[in-house]
Each structure stands twice: as structure tokens, then as C-alpha cells.
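Each chain is listed here by its residues.
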Amino acid sequence: MKKYLILFVFALVATISAQAQVGIGLRVGANYSNLRGDDAPDLDRVIGGHAGLTANIPISADNFFAVQPELLFSMKGAKNDATDTDLRLYYIDIPVLARINAAPLYFEFGPQLSVNLGDNVDDADLDGFEPDYKRTGFGYVAGLGIGTPMGVSLGIRYNSDLSKLYDEGDAKIHNDVFMLTLGYTIGAR
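Counting starts from 1 at the beginning of each chain's written sequence and moves along it residue by residue. Per-residue local features of the predicted model are confined to residues with pLDDT of at least 70, and side-chain atom pairs are confined, for both listing and counting, to 80 or more; whole-chain, interface and lining totals are unaffected and use all residues. Hydrogens and water are ignored here; the side-chain numbers use all heavy atoms of the structure.

Visitor: I'm lost on the overall build of the protein in this one. Help?
Guide: Helix numbers and strand numbers start at the N terminus; a helix is a DSSP run of H or I with at least 4 residues, a strand a run of E with at least 2. Within the protein, the regular secondary structure consists of one helix and eight strands. If you list the helices and strands of the protein from N to C, you get α-β-β-β-β-β-β-β-β. Relative accessibility decides the category of a residue: with a 1.4 Å probe and only protein chains considered, values under 20% of the type maximum give buried, values over 50% give exposed, and everything between is partly exposed. Put simply, the protein has 189 residues, and 46% of those count as buried. Any two residues whose heavy atoms approach within 4.5 Å at even a single point are treated as in contact. Of the contacts formed within the protein by residues at least 6 apart in sequence, a portion of 63% connects residues at least 24 apart.

Visitor: In this structure, what is going on with the side chain of Asn-31? I would like to understand it.
Guide: Mapped onto the fold, Asn-31 is located in strand β1 (residues 23–36). Among the polar contacts made by the side chain of Asn-31, one reaches the main-chain carbonyl oxygen of Gly-49 at a distance of 3.3 Å. For Asn-31, the side chain forms a polar contact with the side chain of Ser-74, separated by 2.8 Å. Aside from chain neighbours lying at most four places away, what touches Asn-31 is Val-46, Ile-47, Gly-48, Gly-49, His-50, Ser-74, Met-75, Val-177, Phe-178 and Met-179. Nitrogen and oxygen atoms within 3.5 Å of one another constitute a polar contact, given that in protein one can donate a hydrogen and the other can accept it, and given that sequence-neighbouring residues count only through two side-chain atoms.

Visitor: Would you take a moment to explain the sheet that holds β1 for this structure?
Guide: Pairing between the strands of a sheet comes from backbone hydrogen bonds, and it takes one of two forms, parallel or antiparallel. DSSP bridges decide pairing: two strands pair if at least two such bridges lie between them. Reading around the circumference, β1-β2-β3-β4-β5-β6-β7-β8 is the order of the eight strands in this closed barrel, with antiparallel pairing throughout. Averaged over all adjacent pairs, the angle separating strand axes in this sheet is 25°, with direction ignored. Strand direction decides the pairing type here: strand β3 (residues 65–80) and strand β4 (residues 85–102), joined by 14 bridges, are antiparallel. Across the sheet, Phe-73 pairs through a bridge with Ile-92, a residue of β4. All axes here are fitted lines through C-alpha atoms, helices being fitted over the stretch that makes contact, and every angle between N-to-C directions spans 0 to 180 degrees.

Visitor: How should I be thinking about the pairing of β3 in this particular structure?
Guide: Residues in a regular strand point their side chains to alternate faces of the sheet. Judged from the seven bridges that link them, strand β2 (residues 46–58) and β3 form a sheet pairing that is antiparallel. Bridge pairing links His-50 to Ser-74 in β3.

Visitor: Could you clarify how one ought to interpret the pairing of strand β8 (residues 174–186) in this entry?
Guide: Here β1 pairs with β8 via 13 bridges, running antiparallel. Counterpart to Gly-29 in the pairing with β8 is Thr-181. Looking at chain direction, strand β7 (residues 152–161) and β8 are connected through nine bridges and run antiparallel. Looking at the pairing, Gly-155 lines up with Thr-181 of β8.

Visitor: Quick question: what am I supposed to make of the packing of aromatic side chains here?
Guide: To pair, rings of Phe, Tyr and Trp, with the six-membered ring standing in for Trp, must have centres within 6.5 Å; the planes then decide the type, stacked if under 30 degrees apart, edge-to-face if over 60, and tilted in the middle. Using the criterion set out here, one finds four aromatic pairs in the structure. When the ring of Tyr-140 is compared with that of Tyr-158, the centres are 6.2 Å apart and the planes differ by 50°; the resulting orientation is tilted. With Tyr-140 in strand β6 (residues 136–147) and Tyr-158 in strand β7, this pair connects stretches of sequence that are 18 residues apart. The exposure class assigned to Tyr-140 is partly exposed, which follows from its relative accessible area of 24%. On the basis of an interplanar angle of 55° and a centroid distance of 5.0 Å, the ring pair of Tyr-158 and Phe-178 is categorised as tilted. Highlighted residues: Tyr-158 in strand β7 and Phe-178 in strand β8, separated in sequence by 20 residues. Residue class for Phe-178 comes out partly exposed when judged on its relative accessible area of 40%.

Visitor: Would you mind going over the environment of Lys-79 with me for this structure?
Guide: Note on placement: Lys-79 falls in strand β3. In sequence terms Lys-79 and Asp-44 are 35 residues apart; their C-alpha atoms lie 5.2 Å from each other.

Visitor: Would you mind going over the nonpolar core with me for this structure?
Guide: Soluble globular proteins tend to bury their nonpolar side chains together. Buried Ala, Val, Leu, Ile, Met, Phe, Trp, Tyr and Cys residues form a nonpolar core when they are joined through side-chain atoms within 4.5 Å. Leu-35, Leu-43, Ala-78, Leu-87, Leu-89, Tyr-91, Tyr-133, Leu-165, Tyr-166, Ala-171 and Ile-173 together form the largest nonpolar core, which totals eleven residues. Top contributing element to this core by residue count: β4, with three residues.

Visitor: Would you mind showing me how to read the environment of Asp-176 here?
Guide: With respect to the helices and strands, the residue Asp-176 is situated in strand β8. Along the primary structure Asp-176 and Lys-76 are separated by 100 residues, whereas in three dimensions their C-alpha atoms are 8.3 Å apart. If we ignore the near neighbours within four places in the chain, the residues touching Asp-176 are Tyr-32, Ser-33, Asn-34, Arg-36, Arg-45, Tyr-158, Asn-159 and Ser-160. Within the structure, Asp-176 has its side chain in polar contact with the side chain of Arg-45 (distance 2.3 Å).

Right under this line is the structure:
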């Protein structure tokens, strides 16, 4: 995990040095997550959060098209209402988004690498559902929002895994997350 973080920070610093118009920002918000798939247990959505850093790198001169890498701490999971128990999964998410800025709206889509930092499985009572979660996952992000000339943005996103949550058996279970996100960017918008 440290390798991924060091590589991301190095790439971000190198990009900032090479691009004078790069916008740097913060992002915080709420996650509304569950597990999806034909083999997923019957659990309910749980509310979590996310927070982290963003960079907005203009590709076109008018910033209509940009690339936006991010580094986010994100809480995902599900809950079992019958036992009043939450399953929490903690990740570092690294999405690299293509962003179209059609002021004041923006649209974003791209791949995401997720690094599992841990979970609360030892404390969970989810009807025997206690798999050995994979350390890394690959997924996608899609979203839209409204941005202001002052750098403040409000958006909604959906992200999910393409890779399985764990390798035990033939079960195909993935994270399924809706996000409400508030951002602030200094520089290019």
C-alpha cells in the first residue's frame, strides 16, 4: 500500500511541477453503500464517509476537458438490520477521472484502484458472512455535479468494483457505493 501512495504522491508532484494551471483541492462527503452481486448476502445499505485530495489537470486550453486524479479515504460496507450490526470496509480509493466541464455542470468517469486498509469483520455478526477480503480492487466511477467559478463543487457519484471483493469460492460480490461529495479546488476549474 505504501508503494501505491508514494507513487501517487510522486506523480502528483511531478504533474504539478510540469503544469502551471493544475488545480489542487479537497473533497469530503457521504457514502451510501452495500454489497451487490447474485451471491451477495441480503444486507441493507449503510452510511459512511469519504475525504481526500484532488488534482484537476486541464487537457484543453479552455479546461473543457480535464483529467482528475484523486486520493480518498472511503468507508464502505453494509448492515444487517436483523442483528443491528454494521460491516465496515475501509479503503484508500485512487480514481483517475476524465472530466468534462460544461459550466456550471461537470461530468466525470474513469477507473479506480481501491486499497483495503481493514474492516470490522471480527466484530460483525452478519449471518456467518466473514470472508477474507482482497487487499486491492479495481472498479469504476461515474458522476456529475455543479461547479462554481470560486472553486466550490457539489456532485453525486456512483462507484463499484469490477473485481471480486474476495476470492473464496465462486461468489461474485462487489462494493456498490453512491456518493454525495463537496469539493473545493484552488487553481484550474
